[in-house]
Amino acid sequence: MFERELGPAPRRRPPRQAGEVRVEGRRPPPWPMRLLVAAAIVSPLASFWYRAEHQFEIEKRAEEAIRWSLDGVPCPTADARAFAASSRPPLGATFQAVRLSRHVGHMQCASHVYRLEDGRHDAQVCDFTGPGVVAVETSAARAYWAPPAAARVVVIDGQPRCLQRERFRMGE
């Protein structure tokens, strides 16, 4: 008639869906915890890298400021007769509407931005290894100098000026 079960009920597992995998054992930590651990590892490395790059940029800017410095003794002036008196033919070049001539030595030119008291100025900068007499001609001025050794000619707003430099090699 009536059936009775007097013992403990058998344990039934919940039904599984097809393809479900059950892993026994220790569970991995939740994703926020993994994220914190990753940040704790990566953050000091990134901070060290950023600090090294920042220091490198500061040193690079300081070297550039020294390299393109406008500090120095002005070159002794000369005149057109002194320039024409040389037995060698002049070596000339035009760099961004500035005509530069010399009799001996090498020349390298570049554009540079200077921050002066009255703001930023684009300038044409040319370094000479040993020019003898230098002639510079712009739309606004013409100038002659006779530097004893190496020289730097800077043209800012059409006005040239010459500074004596220490000896150097091209490309430095």
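Remember, it's a predicted structure, so these values are computed and weren't measured experimentally.

(A) Structural view of the sheet that holds strand E1 (residues 91-95). Ordered in space as E1-E2-E5-E6, the 4 strands form an open sheet in which the pairing is antiparallel. The sheet terminates laterally at E1 and strand E6 (142-145), the two strands that pair on one side only. Mean inter-strand twist for the sheet, computed between neighbouring axes without regard to direction, equals 15°. Relative to E6, strand E5 (residues 134-137) runs antiparallel, the two sharing 4 bridges. Residue valine 136 lies in a different strand from E6, and its bridge partner there is alanine 143.

(B) Broad picture of the side chain of histidine 121. Tracing the backbone shows histidine 121 in strand E4 (residues 119-128). Overall, the relative accessible area of 11% leaves histidine 121 in the buried class. Filtering out sequence-adjacent residues up to four positions away, histidine 121 remains in contact with His112, Val113, Tyr114, Leu116, Ile156 and Asp157.

(C) Local environment of the pairing of strand E3 (residues 107-116). Note: E3 against E4, 10 bridges, orientation antiparallel. Note on E4: the bridge partner recorded for methionine 107 is phenylalanine 128. Here E3 folds back onto E4, and the loop between the two strands holds 2 residues.

(D) Spotlight on the environment of glycine 25. Considering the arrangement of structural elements, one finds glycine 25 in the segment before helix H1 (31-67). Residues glycine 25 and alanine 65, spaced 40 residues apart in sequence, show a C-alpha to C-alpha distance of 64 Å.

(E) Quick peek at the nonpolar core. The biggest cluster of nonpolar side chains holds 13 residues, and the ones touching the most others in it are Leu100, Phe128, Val136, Trp145, Val153 and Cys162. Contributing elements (two or more residues each) for this core: strand E2 (98-102), E4, E5, E6 and strand E7 (151-156).

(F) Just the state of the cysteines, in detail. In this structure the tally under the stated criterion is 2 disulfides. Disulfide pairing is shown between cysteine 75 and cysteine 162; the S-S distance is 2.1 Å. What sets the handedness of the cysteine 75 and cysteine 162 disulfide is the S-S torsion sign, and at about -60° it is left-handed. Here cysteine 162 lies in strand E8 (residues 159-164) and cysteine 75 lies in the loop between H1 and helix H2 (80-84), a separation of 87 residues in the sequence. Each sulfur of the disulfide joining cysteine 109 and cysteine 126 lies 2.0 Å from the other. Here the disulfide of cysteine 109 and cysteine 126 is right-handed, its torsion about the S-S bond being about 110°. Taken together, the residues span a long stretch of sequence, with cysteine 109 in strand E3 and cysteine 126 in strand E4 at a distance of 17 residues. Across the chain, the disulfide pattern expressed with sequentially numbered bonded cysteines is 1-4, 2-3.

Scoring rules and cut-offs
- Residues numbered from 1 in each chain as written.
- Predicted model: local features only at pLDDT ≥ 70, side-chain atom pairs only at ≥ 80, totals over all residues.
- Heavy atoms only, no water.
- Pairing = 2+ DSSP bridges.
- Helix = DSSP H or I, 4+ residues; strand = E, 2+ residues; numbered from the N terminus.
- Axes fitted to C-alpha atoms, helices over the stretch in contact; angles between N-to-C directions.
- Buried < 20%, exposed > 50% of the residue type's maximum accessible area, 1.4 Å probe, protein only.
- Contact = heavy atoms within 4.5 Å.
- Core = buried A, V, L, I, M, F, W, Y, C linked by side-chain atoms within 4.5 Å.
- Disulfide = S-S within 2.5 Å.

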